[in-house]
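What follows is each chain in one-letter form.
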Amino acid sequence: MQEFLVEITTTVPEGTSQDEVDRRRAAEAVRAGELSATGNLARLWRPVGELRSIGVWRAADEKELREKVLDTLPLRPWMTLTVTPLEPHPNDPGRATDGTE
């Protein structure tokens with residue numbers, strides 16, 4: 001699978017009930033766990049003091065990533081995404097241990 005750096009900013013639409021926000025966030029946590037189990041979600045971080053996420057995601061290609069992975073997230077309608085395809089760097093110290101050689 002190809003790796004992608006994905007930056008996600010989620011903006012809850014004005015007027016959305018707290019119940020709807022809570023329901024979607026709970027469903028998002030479940031879906032993230034499922035995508036982690038399938039290898040599509042490798043890592044996820046939240047920058048300190050910011051309301052965005054940065055993650056390493058995997059899919060066969062960008063089309064699959066967008067359509068079959070990211071578009072399945074319950075919060076997706078409220079998300080703005082920046083997707084950057086990644087390739088291994090020859091000096092990456094993790095290459096020897098992560099099986100990407």
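Anything mentioned here points back to the structure above.
Given the structure is predicted, the values throughout are model-derived calculations rather than measurements. (Residues numbered from 1 in each chain as written. Predicted model: local features only at pLDDT ≥ 70, side-chain atom pairs only at ≥ 80, totals over all residues. Heavy atoms only, no water.)

Participant: Could you give an account of the nonpolar core, with specific residues and numbers?
Facilitator: Residues Val6, Trp57, Leu65 and Leu70 are the most contacted members of the largest nonpolar core, which totals 17 residues. For this core, the secondary-structure elements that each account for two or more residues are strand 1 (2-10), helix 1 (18-37), strand 3 (52-59), helix 2 (62-69) and strand 4 (79-85). (Core = buried A, V, L, I, M, F, W, Y, C linked by side-chain atoms within 4.5 Å. Buried < 20%, exposed > 50% of the residue type's maximum accessible area, 1.4 Å probe, protein only. Helix = DSSP H or I, 4+ residues; strand = E, 2+ residues; numbered from the N terminus.)

Participant: Give me the pattern of salt bridges: which residues, what numbers.
Facilitator: Applying the stated criterion across every chain yields a total of eight salt bridges. Across the pair arginine 24 and glutamate 20 runs a salt bridge whose closest N-O atoms are separated by 2.7 Å. Here arginine 24 and its partner glutamate 20 are both found in helix 1, four residues apart, which amounts to about one turn of the helix. The buried category is assigned to arginine 24, whose relative accessible area is 18%. Residue glutamate 20 is classed as partly exposed on the basis of its relative accessible area, which comes to 23%. Between arginine 52 and glutamate 50 there is a salt bridge; the shortest N-O distance is 2.4 Å. Since its relative accessible area comes to 33%, glutamate 50 is described here as partly exposed. (Salt bridge = Lys/Arg side-chain N within 4 Å of Asp/Glu carboxyl O.)

Participant: Quick rundown of the packing of aromatic side chains? Include the residues and the values.
Facilitator: Taken as a whole and judged by the stated rule, the model has zero aromatic pairs. One Lys or Arg, arginine 24, reaches over the ring of tryptophan 78 and ends 4.6 Å from the middle of that ring. (Phe/Tyr/Trp six-rings, centres within 6.5 Å; stacked < 30°, edge-to-face > 60°. Lys NZ or Arg CZ within 6 Å of the ring centre and 35° of its normal.)

Participant: Help me get a handle on the sheet that holds strand 1, residues and values and all.
Facilitator: On the basis of which strands lie adjacent, the open sheet formed by four strands has the order 2-3-1-4 and antiparallel pairing. Of all strands in the sheet, those bounded by a partner on one side alone are strand 2 (41-45) and strand 4. Taking each pair of neighbouring strands and ignoring which way they run, the sheet shows an average axis angle of 20°. Here four bridges tie strand 2 to strand 3, and the two strands are oriented antiparallel to one another. Its bridge partner being in strand 3, leucine 41 is matched across the sheet by tryptophan 57. Together, strand 1, strand 3 and strand 4 form the strand contacts of helix 2, whose direction differs from that of strand 3 by roughly 115°. (Pairing = 2+ DSSP bridges. Axes fitted to C-alpha atoms, helices over the stretch in contact; angles between N-to-C directions. Contact = heavy atoms within 4.5 Å.)

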